[in-house]
Amino acid sequence: MSEETITSNKVAKPKWLRVKLPVGKKYTELRGVVDKYKLNTICTSGSCPNMGECWTEGTATFMILGNICTRSCGFCGVKTGRPETVDWEEPEKVARSISLMKIKHAVITSVDRDDLKDGGSIIWAETVNAIRRANPTTTLETLIPDFQANKTNIDRILAVAPEVISHNLETVRRLTREVRIQAKYDRSLEVLKYMKDKGQRRTKSGIMLGLGETEAEVIETMQDLANAKVDIITIGQYLQPSKKHLPVQEFITPEQFAKYKEIGLKMGFRHVESNALVRSSYKAQKHLE
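These remarks concern the structure in this document. (Residues numbered from 1 in each chain as written. Predicted model: local features only at pLDDT ≥ 70, side-chain atom pairs only at ≥ 80, totals over all residues. Heavy atoms only, no water.)

### Details of the overall build of the protein
So, step 1. A tally of regular secondary structure across the protein gives ten helices and eleven strands.
So, step 2. In summary, the protein has a C-alpha radius of gyration of 18 Å against a globular reference of 19 Å for 289 residues, a match within 12%.
So, step 3. Here the C-alpha coordinates of the protein stretch approximately 50 × 45 × 40 Å along the principal axes.
So, step 4. Here the protein, with 289 residues, has 51% of them falling under the buried criterion.
So, step 5. Look at the contacts in the protein between residues 6 or more apart in sequence, and 74% of them connect residues 24 or more apart. (Helix = DSSP H or I, 4+ residues; strand = E, 2+ residues; numbered from the N terminus. Rg over C-alpha atoms; globule rule 2.2 N^0.38 Å. Buried < 20%, exposed > 50% of the residue type's maximum accessible area, 1.4 Å probe, protein only. Contact = heavy atoms within 4.5 Å.)

Below, the structure written as structure tokens:
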């Protein structure tokens with residue numbers, strides 16, 4: 001804790017969380033396209049610290065099915081409430097955005113749509129198909145909700161065969177009820193294992209640290225993901241979106257993140273991204289290797 005200072009009962013951000021502003025010709029060009037056509041990317045709306053790096057490498061993340069979630073996770077900045085009606089033109093809009101941005105590898109994610117019988121899986125599949133039609137050389141990662149472990153809905157994603165399917169566990173077992181509220185730890189593991197058992201080539205999951213978990217719990221969670229045959233794991237620092245969200249309990253040191261990476265590689269994960277600034281789509285294009 002030597003890098004930290006405590007002020008007014010809050011843990012101050014350490015120096016390793018300072019982010020340089022994105023720069024470069026490629027970033028400037030893409031930012032111009034996004035602003036001109038009012039394209040919706042998580043990169044910009046979520047102020048991702050890795051936006052410049054990812055865009056320069058031709059990767060961007062898009063959110064579908066609106067911006068209002070039916071769940072109320074304690075860590076997430078997305079609004080909770082009654083979502084708007086499904087926009088059936090959205091798949092073509094996303095595909096067009098990817099064309100305009102000349103994206104090489106696209107990550108698609110969504111809010112949870114527990115209000116829909118199909119959980120939004122039909123729009124998910126249509127979006128992948130639309131992207132493939134308009135951008136045949138673009139590779140895809142789908143960062144999906146748990147679809148309440150409904151196999152019919154999960155099968156729709158498997159059927160369109162994105163190169164990577166990701167579903168985030170987010171936190172350790174003990175903290176799941178507080179952090180994810182309507183989600184279930186074992187249900188998420190069930191979804192991940194089911195996809196692998198059904199032949200999905202690459203599966204991926206991510207967790208956040210700094211919510212009060214112990215090292216032993218993190219390692220246990222990593223082992224649970226390895227047992228579910230997950231190929232890729234991302235481990236990053238939780239940052240509080242607003243005062244209404246769960247507070248940061250601890251800032252994890254770079255040395256600890258490096259330790260988790262070493263442990264993960266020994267467990268057999270194909271890729272382990274472990275760093276304070278890592279987010280779900282960080283270095284996503286490299287996860288195809």
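### Overview of unusual backbone geometry
So, step 1. A positive phi angle is found at Leu65, which is not glycine, with a value near 70°.
So, step 2. Along the chain, Leu65 falls in the loop between β3 (59-64) and β4 (68-69).
So, step 3. Residue Phe147 is not a glycine yet carries a positive backbone phi of 50°.
So, step 4. Among the structural elements, Phe147 can be located in the loop between β7 (139-143) and α6 (151-160).
So, step 5. Judged by its relative accessible area of 5%, Phe147 is buried.

### What about the packing of α6 against helix α8 (residues 185-197)?
So, step 1. Direction vectors running N to C along α6 and α8 enclose 50°, while the axes themselves pass 11 Å from each other. When the axes of α6 and α8 are compared, the pair comes out oblique. Taken as a pair, α6 and α8 cross one another with a handedness that is right-handed. Where α6 abuts α8, its residues Lys151, Ile154, Asp155 and Leu158 lie against Glu190, Val191, Tyr194 and Met195. (Axes fitted to C-alpha atoms, helices over the stretch in contact; angles between N-to-C directions. Parallel < 35°, antiparallel > 145°, perpendicular 65-115°, else oblique. Left-handed = near helix turned anticlockwise from the far one by under 90°.)

### Topic: the pattern of salt bridges
So, step 1. Following the criterion strictly, the structure yields 17 salt bridges and no others.
So, step 2. The salt bridge involving Lys151 is made with Glu190; its shortest N-O contact spans 3.3 Å. Of this pair, Lys151 sits in helix α6 while Glu190 sits in helix α8; the two residues are 39 residues apart in sequence, bridging distant segments of the chain.
So, step 3. Here the salt bridges do not stand alone but share partners, grouping Arg71, Asp112, Asp114, Asp146 and Arg187 into one network. (Salt bridge = Lys/Arg side-chain N within 4 Å of Asp/Glu carboxyl O.)

### Observations regarding the sheet that holds β3
So, step 1. In space, the seven strands of this open sheet follow the order β3-β6-β7-β8-β9-β10-β11, with parallel pairing throughout. Each edge of the open sheet is held by one strand with a lone partner, namely β3 and β11 (271-274). When strand polarity is set aside, the average angle formed by the axes of neighbouring strands in this sheet is 20°.
So, step 2. Here strand β10 (residues 232-237) pairs with β11 via four bridges, running parallel. Pairing of Ile232 across the sheet is with His271, part of β11. (Pairing = 2+ DSSP bridges.)

### Regarding the side chain of Glu217
So, step 1. Mapped onto the elements of the fold, Glu217 is located in helix α9 (residues 215-227).
So, step 2. Engagement of the side chain of Glu217 in a polar contact is seen with the side chain of Arg174, the distance being 2.5 Å.
So, step 3. Every residue in contact with Glu217, bar those within four places of it in the chain, is listed here: Val172, Arg174 and Gly212. (Polar contact = N/O pair within 3.5 Å; in protein donor to acceptor, adjacent residues only side chain to side chain.)

### Describing helix α4 (residues 90-101)
For an α-helix, 3.6 residues make a turn, and residues three or four places apart therefore share a direction.
So, step 1. Over its twelve residues, α4 extends 16 Å from the first C-alpha to the last, a length consistent with the 16 Å expected when each residue adds 1.5 Å.
So, step 2. Taken together, the buried positions of α4 are Glu90, Pro91, Val94, Ala95, Ser97, Ile98 and Met101. Projection of α4 onto a plane perpendicular to its axis shows the buried side chains occupying an angular sector of 155°, all on one side.
So, step 3. The inward-facing, buried residues of α4 contact α1 (25-37), α3 (51-56), β3, β6 (105-110) and α5 (121-134).
So, step 4. Taken from the residues just after α4, Lys102 is the one with a positive phi, measuring 55°. (Expected span 1.5 Å × (residues − 1). Arc of directions from axis to C-beta.)

### Details of the environment of Ser97
So, step 1. Its location among the elements puts Ser97 in helix α4.
So, step 2. Owing to a relative accessible area of 8%, Ser97 belongs among the buried residues under this scheme.
So, step 3. Residues Ser97 and Tyr37, 60 residues apart in the sequence, show an inter-C-alpha distance of 8.3 Å.

### A closer look at the packing of α9 against helix α10 (residues 254-267)
Helix-helix packing is characterised by the crossing angle of the two axes and by the distance between the axes.
So, step 1. In contact at an axis separation of 10 Å, α9 and α10 are set at 30° when each is read in the N-to-C sense. Relative to α10, the element α9 lies roughly parallel. Two packed elements cross with a definite hand, and for α9 against α10 that hand is right-handed. Between α9, through Glu215, Val218, Ile219, Met222, Gln223 and Ala226, and α10, the contact on the second element is made entirely by Gln256, Lys259, Tyr260, Ile263, Gly264 and Met267.
So, step 2. Broken down by class, the residue content of the contact of α9 with α10 amounts to seven nonpolar, three polar and two charged. (Nonpolar A, V, L, I, M, F, W, Y, C, P; charged D, E, K, R; others polar.)

### Brief notes about the environment of Val19
So, step 1. Along the chain, the position of Val19 falls in the loop between β2 (10-11) and α1.
So, step 2. Each C-alpha atom, one on Val19 and one on Asn50, is 8.6 Å from the other, the two residues being 31 residues apart in sequence.
So, step 3. Setting aside anything within four residues of it in sequence, one finds Val19 in contact with Pro49 and Leu277.

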